[in-house]
Amino acid sequence: MTGLYLSREAAKILAMARSAIDVHTVALDGRCQVCGSVGCAARTAAQATFARYHQLPHRRPGATHPETLVPLRASSGQLQ
Ligand SMILES: [Zn+2]
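First, a word on what this report is: a plain description of the structure on this page. Counting starts from 1 at the beginning of each chain's written sequence and moves along it residue by residue. Per-residue local features are limited, in this predicted model, to residues with pLDDT of at least 70; the limit for side-chain atom pairs, both in listing and counting, is 80 or more; totals at the level of whole chains, interfaces and linings are taken over all residues.

## Quick notes on the overall build of the chain
Convention followed: Segments assigned H or I by DSSP are reported as helices when at least four residues long, segments assigned E as strands when at least two residues long, and all are numbered from the N terminus. Each residue is classed by its C-beta neighbour count within 10 Å, where at least 20 other C-beta atoms makes it buried, 12 or fewer makes it exposed, and intermediate counts make it partly exposed; the C-beta atoms are placed from backbone geometry. Contact definition: two residues whose C-beta atoms, as placed from backbone geometry, lie within 7 Å.
In terms of regular secondary structure, the chain is built from 2 helices and 0 strands. Residues counted as buried form 9% of the 80 residues belonging to the chain. When contacts within the chain are restricted to residue pairs at least 6 apart in sequence, long-range pairs at least 24 apart make up 46% of them.

## What to know about the packing of helix H1 (residues 8-23) against helix H2 (residues 41-52)
How we decide: Only the stretch in contact is used when fitting a helix axis, every axis being a line fitted to C-alpha atoms; angles between N-to-C directions are given from 0 to 180 degrees. Handedness of each helix crossing follows the sense of rotation of the near helix against the far helix: counterclockwise by less than a right angle gives left-handed, clockwise gives right-handed. Think of it as three bins: nonpolar holds Ala, Val, Leu, Ile, Met, Phe, Trp, Tyr, Cys and Pro, charged holds Asp, Glu, Lys and Arg, and polar takes everything else, Gly as well.
Contact pair H1 / H2: the axes reach a minimum separation of 9 Å and the direction vectors enclose 145°. With respect to the hand of their crossing, H1 and H2 are arranged in left-handed fashion. Judged by residue contacts, Ile13, Leu14, Ala17, Ala20 and Ile21 of H1 engage Ala42, Arg43, Ala46, Thr49 and Phe50 from H2. For the contact of H1 with H2, a count of residues per class yields 8 nonpolar, 1 polar and 1 charged.

## A closer look at H1
Applicable threshold: Helix span, as expected, comes to 1.5 Å for every residue beyond the first.
The terminal C-alpha atoms of H1 lie 23 Å apart, and with 16 residues this matches the ideal 22 Å at 1.5 Å per residue to within 8%. On its buried face, H1 is in contact with H2.

## Observations regarding unusual backbone geometry
The backbone of His54 shows a phi angle near 55°, a positive value even though the residue is not glycine. Structurally, His54 can be placed in the segment after H2. On the basis of neighbour counts, which here come to 7 C-beta atoms within 10 Å, the residue His54 falls in the exposed class.

## Some remarks on the environment of Ala17
With respect to the element layout, Ala17 can be found in helix H1. For the pair Ala17 and Ala46, spaced 29 residues apart in the sequence, the C-alpha separation amounts to 4.5 Å.

Shown next, in the form of structure tokens:
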């Protein structure tokens with residue numbers, strides 16, 4: 001088994017980035033559910049951190065709270 005060993009500081013930085021990604025989730029309309037912006041700066045910075053360390057964030061099931069999203073109308077493709 002091969003693995004990448006990260007320093008304690010790197011692990012701490014990645015944990016903070018993971019936390020930002022968990023909080024700043026993107027809704028169906030592409031907007032951050034916290035900031036309300038498209039292209040959330042906090043999420044973008046966290047993704048850049050993962051890229052810098054050649055890591056991928058772990059997905060947390062249900063993080064986007066799909067139960068709160070408004071379904072798309074099949075005929076128009078618009079949000080209701
Ligand atoms: Zn955000």
